[in-house]
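Chain by chain, the residues run as shown.
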Amino acid sequence: MKKLMTLAFMAIALTANAQEKTTIEVPQWVKNIKFSGYGMLQYQGTDQEGAESNTFNLRLARFILDGKIGDFDWRAQIQGTNAKGPAEPTIQLVDLYAEWRKYPEFKVRAGQFKRAFTYENPTHPITQGWRAYADVINNLSGFGDRTGEKSSGGRDIGVQISGDLFPNAYGRRLLHYQVGVYNGEGINSKDKDNKKDIIGGFWVMPIKGLRIGAFGWTGTRGEMSSTYHYLEEFLDENNEIKTRLKSQSMTVQSARKNRYAISAEYSQDEYMFRAEYLHSQGWGSNLNFGDKADGWYVFGIVPVIKGKLQAKARYQCYRPDKSWNSETIVADDGASYTYGGAKTSYEVGLNYFFTKNLEMHLEYARINDRKLEKHNYNLVDLELDFRF
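Computed from a predicted model, the values in this text were never measured in an experiment.

(A) Main features of the environment of P104. Within the secondary structure layout, P104 lies in the loop between β4 (90–103) and β5 (106–114). For the pair formed by P104 and T218, sequence separation is 114 residues and the distance between their alpha carbons is 27 Å. Sequence-distant contacts of P104, defined by excluding residues within four places in its chain, comprise G163, D164 and R173.

Structural data, given as C-alpha cells:
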C-alpha cells in the first residue's frame, strides 16, 4: 500500500510539472486582435438603351484585422470585388495603418487609409445605405477618380493628424480637424513625381448629431493618361476638303488637382440627412471634359419601424465638365464623339434589418444622363449585406 501511494504521488507531481512547462503566456497585444469582415451581394437591372442589363453580382467582400498595442491602434484590411468581371476578380490590400491615439485632441495616423476629404468618403459601404457612393464622390474623392486613378476606395498612402477640441459640459467636443499629406497616386502606389497631396478639413458640431464642415485638397497625380478627340481636315480622292474624327492619347506629368467640398450632416436616433457639394479644378483623363468639374448630392434616411425598416430618398448630380448639356463632334463619315453633360439621379428605396448583422437594401433610380442619345433610363438595385 505504501509503495502504491508513493507511485501515485510521483504521477501527480510529474503531471503538475508537465502542465507547468507547457503553460504559455499570451501577450496582451495578441489578445487585443479582433477579426471581422463583411460581404455585399447584389442584383441590379437597368433598361439603359444599348446597355441593358439584368444580373446578380458579388459587389464586395472584406476581411479585417484590428488591434491595439499600447497607445497605438492598427488595422489591416483586404478587399475582394468583381470589379473587373467574373474572369478577373480584384483582390487587394486596402487598409494598412497604425494610429497613435493617446490624446483625443491630437492623433497621428500613418500608412494607407481614407483620404481626409468629405463626409461620405470614410462612411462604411453598408452603413452608407445606397447602391453606391454618390457619383461626385466616386469621381472627385479618389474612388474611380476623374484623373483615371485606379479604384482606390478613397484611399492613399500618407500621414495624417487629427483631433477633437473644446468639450462642452456634456463631454461632446465641438470642433474636429484633420490634415493629411499623401503620395497622390491612390492605393498600393509610390509617388511618381515626388510631389505630395495635401488634404485637410474641419467641422463644427453646434448641437448633438449635427456637423457642418469644409474640406480642401491640392496636389498632383504623377502620370495621367489622357485622350483628346477632335476633327481633322483632309483632301479626299476628289480633292475635296473633308473632316474626320481623330483621337490623340498622351501622358500628362504632374496633373494638377485642386478641390474643395462643403458638407453638412445630421445623424441622430436612426434619422440621417446629409448634403455635400464638391468642386474640382485640373485636367481629367479626358481632355475634352475641360479642367473643371463639380457635383452634389443630398439624401435622407428615416425610420419607418425603429430598428427594422427605413425609408430613403436621394438626389444627386455630377457634371464632368461643369456644364449641363453635352456636345458632339461629328465627322463627314458620320463618326461622332459626345462629351460632357450632367448626370442626375432621383432615387428612393427601403432598408430592412433582419438582425444588426444582416440587412437588405432595395432601391429604384430614375437617371438622366445628358451625354446619352436617350437621356432617361431606370435602374433597380437589391442588396443583401452581412457582417461577421
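On we go.
(B) A look at the pattern of salt bridges. Evaluation of the coordinates by the stated rule reveals 25 salt bridges. The salt bridge partner of D95 is R155, with a shortest N-O separation of 2.9 Å. Of the two residues, D95 sits in strand β4 while R155 sits in strand β6 (residues 155–167), which places them 60 residues apart along the sequence. An identical accessibility class is assigned to D95 and R155; each is buried. For R319, the salt bridge is made with D294, and the minimal N-O distance between the two is 2.8 Å. Of this pair, R319 sits in strand β13 (residues 309–319) while D294 sits in strand β12 (residues 292–305), and the two are 25 residues apart along the sequence. Comparing R319 with D294, the two get one shared label, buried.

(C) Expanded view of the pairing of β12. By the bridge criterion, 10 bridges tie strand β11 (residues 271–281) to β12 in an arrangement that is antiparallel. Among the inter-strand pairings, E276 is bridged to a residue of β12, identified as Y297. For β12 and β13, the ladder comprises 11 bridges, and the chain directions are antiparallel. Across the sheet, the residue bridging to F299 is R314, located in β13.

(D) Layout of the nonpolar core. Membership of the largest hydrophobic core comes to 26 residues, with the highest contact counts inside it found for F117, V136, I137 and L278. Looking at this core, the elements with two or more residues in it are α3 (135–140), β8 (197–204), β9 (210–235), β11 and β12. The element that contributes the greatest number of residues to this core is β12, accounting for four residues. When near neighbours in sequence (up to four residues on either side) are disregarded, F117 contacts L140, S141, Q178, I199, F215, G216, W217, R259, Y260, A261 and L278.

(E) Structural context of the side chain of H361. Along the polypeptide, H361 turns up in strand β17 (residues 358–369). Within the structure, H361 has its side chain in polar contact with the side chain of E359 (distance 2.7 Å). In this structure H361 touches I126, G129, K312, L350, N351, D381, L382, E383 and D385, once residues within four positions along its chain are discounted.

(F) Structural context of the packing of aromatic side chains. Inspection of the entire model under this criterion finds 21 aromatic pairs. Plain terms: the ring middles of Y119 and F215 are 5.8 Å apart, the flat faces sit at 85 degrees to each other, and that makes the pair edge-to-face. Here Y119 is found in the loop between β5 and α3, whereas its partner F215 is found in strand β9, with 96 residues between them in sequence. Accessibility classification places Y119 together with F215 in one group, the buried group. The structure contains a cluster of three or more aromatic residues connected by ring pairs, namely F117, Y119, W203, F215 and W217. One cation-aromatic arrangement involves R211 over W203; the distance from NZ or CZ to the ring centre is 4.7 Å.

(G) Representation of unusual backbone geometry within the structure. Unlike most non-glycine residues, T118 shows phi in positive territory, near 75 degrees. Inspection of the secondary structure puts T118 in the loop between β5 and α3. Under the relative-accessibility criterion, T118 is labelled buried at 3%. Its identity is not glycine, yet S254 carries a phi of approximately 55 degrees, on the positive side. Positionally, S254 belongs in strand β10 (residues 241–268). Taking the relative accessible area as the measure of exposure, S254 reaches 22% and is therefore partly exposed.

(H) Structural detail: the pairing of β6. With eight bridges joining them, β5 and β6 adopt antiparallel strand pairing. Each bridged residue has a counterpart across the sheet, and for G111 the counterpart in β6 is G158. Bridge count for β6 against strand β7 (residues 173–182) is nine bridges, and the pairing is antiparallel. Of the residues in β7, the one forming a bridge with Q160 is G180. Following β6, the chain reverses through five residues before pairing antiparallel with β7; G171 in that reversal takes a positive phi of roughly 90 degrees.

(I) Geometry of a negative patch on the surface. The grouping of D47, E49, E52 and E373 at the surface amounts to a negative patch. For E49, the location among the structural elements is in the loop between β1 (34–46) and β2 (53–69). According to the relative accessible area criterion, E49 is exposed, its value standing at 53%.

About the cut-offs
Residues numbered from 1 in each chain as written. Predicted model: local features only at pLDDT ≥ 70, side-chain atom pairs only at ≥ 80, totals over all residues. Heavy atoms only, no water. Helix = DSSP H or I, 4+ residues; strand = E, 2+ residues; numbered from the N terminus. Contact = heavy atoms within 4.5 Å. Salt bridge = Lys/Arg side-chain N within 4 Å of Asp/Glu carboxyl O. Buried < 20%, exposed > 50% of the residue type's maximum accessible area, 1.4 Å probe, protein only. Pairing = 2+ DSSP bridges. Core = buried A, V, L, I, M, F, W, Y, C linked by side-chain atoms within 4.5 Å. Polar contact = N/O pair within 3.5 Å; in protein donor to acceptor, adjacent residues only side chain to side chain. Phe/Tyr/Trp six-rings, centres within 6.5 Å; stacked < 30°, edge-to-face > 60°. Lys NZ or Arg CZ within 6 Å of the ring centre and 35° of its normal. Patch = residues over 30% accessible without salt bridge, like charges linked within 9 Å, V, L, I, M, F, W, Y side chains within 5 Å. Areas by Shrake-Rupley, 256 points an atom, 1.4 Å probe, with all protein chains shown as cover. Lys, Arg positive; Asp, Glu negative; His and termini not counted. Charge placed at Lys NZ, Arg CZ, Asp CG, Glu CD.

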